[in-house]
Each structure stands twice: as C-alpha cells, then as structure tokens.
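Observations on the three-dimensional arrangement
One letter stands for each residue in the lines below.
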Amino acid sequence: MVRLKDAKGANVRKTVVFVAAAVIGATMLTGSVMAQSTGPSTSPAPSAPAGSVQLNVNTAINQTLVNKYVRDAPNVALAKCEGPSPKFSSPVLTFANYTPGPFMGADANISADVELKPGTAAGSYPLTVACGGQTYTTQFTVPASQVAKVPSGAAKAGDGSMAG
C-alpha cells in the first residue's frame, strides 16, 4: 500500500483505501448491470437451416474446394440431413461408401465418395440430398479436363546421354 501525506503532513491511507474500495464497487456494479443488459433477449434468434449439401470441404492449404469437383483427386459429397436413409443424387456423379459423421471442417452428418461420370463436360451441375422428406440442393462446378498425353509432334527432350 502506498502511504501518502496531505498538506499538513498527516497520513492519508484511509482516503486511498476508501477510493480504491469505491472504484472496485463501481466496477462490480457496472459489470452486474452489463451482465443483465447482455443477457438473453426476448427476440427470437434466427434459425439455422435444417439441412445442407456440398461437394468437398476446404482445407488449410486450399480454401477453394467447396462445390468444385477436383479431377484426379478424391471427391466427397457432404450433407447435414435429418431423417432416415439420406440419398445423394446428381446427373453427372455416382456415389458410394455412405459414411455417418460428424466431419472435421464441415457441418455435416453424412458423406459419400463421389466419382464423375465419364464424358462429363466442364460446367455447373446440381448436387442434391434427400432425407426425412426434405431435399437440399446446391450447384457445383466441373473444370475442363487437362491434356493427359503429350500431343503428337511436340518437341521431345533427350535422354541426357549427350550432357557433358
């Protein structure tokens, strides 16, 4: 505790203690009032959607995976869906290995491995999940396919035997 002296040289320790007690009391009172004012409100909270569906989930490395088919990589359909026997559907995808969740990084309780049907052109397509009498749909994109082989007539590199 700090000892202070007034103009006459007397100790003012009691005054400091009183001021500190007043500050602590005011802080507690303000905190109590704040707690009351930030308590539960009487207005209804916005309700979260009951269900959802998406293709793939973002990772720490790639934040652009949601609702994009990735060629030459595993793809997964994910859904938050209440009800028995959830079923995914899409005109350009096949589904296998339905697995119950939860899943890290996605608000979902069911997933399925996804394969793109051969010959599917680049574009935007629907992905739907149906369960419990409800249907949820999203759109996902399929990128153009990459050139898989070296075009004929392309320059060829040597085998390194002439390197010095």
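To be clear, the structure that these remarks concern was listed above.
Thresholds applied
- Residues numbered from 1 in each chain as written.
- Predicted model: local features only at pLDDT ≥ 70, side-chain atom pairs only at ≥ 80, totals over all residues.
- Heavy atoms only, no water.
- Disulfide = S-S within 2.5 Å.
- Helix = DSSP H or I, 4+ residues; strand = E, 2+ residues; numbered from the N terminus.
- Buried < 20%, exposed > 50% of the residue type's maximum accessible area, 1.4 Å probe, protein only.
- Phe/Tyr/Trp six-rings, centres within 6.5 Å; stacked < 30°, edge-to-face > 60°.
- Salt bridge = Lys/Arg side-chain N within 4 Å of Asp/Glu carboxyl O.
- Pairing = 2+ DSSP bridges.
- Axes fitted to C-alpha atoms, helices over the stretch in contact; angles between N-to-C directions.
- Core = buried A, V, L, I, M, F, W, Y, C linked by side-chain atoms within 4.5 Å.
- Contact = heavy atoms within 4.5 Å.
- Polar contact = N/O pair within 3.5 Å; in protein donor to acceptor, adjacent residues only side chain to side chain.

**Observations concerning the state of the cysteines**
What the rule picks out here adds up to 1 disulfide. Through a disulfide, cysteine 81 is tied to cysteine 131; the S-S separation comes to 1.3 Å. In this structure the cystine formed by cysteine 81 and cysteine 131 twists about its S-S bond by roughly -105°; its chirality is therefore left-handed. Note that cysteine 81 is positioned in the loop between strand 2 (75-80) and strand 3 (87-89) and cysteine 131 in strand 6 (residues 123-131), a separation of 50 residues in sequence. Accessibility assignment for this pair places cysteine 81 and cysteine 131 in one class, buried.

**Structural notes on the packing of aromatic side chains**
Tallied over the full model, the rule gives 3 aromatic pairs. Each ring, one from phenylalanine 88 and one from tyrosine 98, has its centre 5.6 Å from the other, and the planes form 35°; the classification is tilted. Of this pair, phenylalanine 88 sits in strand 3 while tyrosine 98 sits in strand 4 (residues 93-100), placing them 10 residues apart in sequence. Judged by relative accessible area, which is 2%, phenylalanine 88 ranks as buried. Classification of tyrosine 98 as partly exposed rests on a relative accessible area of 34%.

**A few points about the pattern of salt bridges**
One pass over the structure, following the stated rule, counts 1 salt bridge. Put simply, lysine 80 and aspartate 107 hold a salt bridge, and the shortest N to O gap is 3.3 Å. Highlighted residues: lysine 80 in strand 2 and aspartate 107 in the loop between strand 4 and strand 5 (110-116), separated in sequence by 27 residues. Residue classification places lysine 80 among the partly exposed residues on the basis of a relative accessible area of 22%.

**Some words on the sheet that holds strand 3**
Strand order in the open sheet made by the 3 strands is 3-6-7, with antiparallel pairing throughout. Every other strand in the sheet has two partners, leaving strand 3 and strand 7 (134-142) as the edge strands with one partner each. In this sheet, adjacent strand axes meet at a mean angle of 20° when their direction is disregarded.

**Side note on the nonpolar core**
With 20 residues, the main nonpolar core has Tyr69, Phe88, Leu93, Leu127 and Phe140 as its most contacted residues. Apart from residues lying up to four places away in sequence, phenylalanine 140 is in contact with Leu55, Asn67, Lys68, Tyr69, Ser90, Val92, Leu93, Gly123, Ser124, Tyr125, Pro126 and Leu127.

**Observations regarding the pairing of strand 1 (residues 52-55)**
Residues of strand 1 alternate between two faces, with Val53 and Leu55 buried on one and Ser52 and Gln54 left unburied on the opposite face. Relative to strand 2, strand 1 runs antiparallel, the two being bridged by 4 bridges. Looking at strand 2, one finds that glutamine 54 is bridged to leucine 78.

**Considerations on the environment of leucine 127**
Within the secondary structure, leucine 127 is located in strand 6. The buried category is assigned to leucine 127, whose relative accessible area is 0%.

**What to know about the side chain of asparagine 75**
Within the element layout of this structure, asparagine 75 appears in strand 2. A polar side-chain atom of asparagine 75 sits 2.7 Å from a polar atom in the side chain of asparagine 56. Polar contacts involving the side chain of asparagine 75 include one to the main-chain carbonyl oxygen of alanine 73, which spans 2.8 Å. With near-sequence residues (within four places) excluded, asparagine 75 lies in contact with Asn56, Lys68, Tyr69, Val70, Ala112, Asp113 and Val114.

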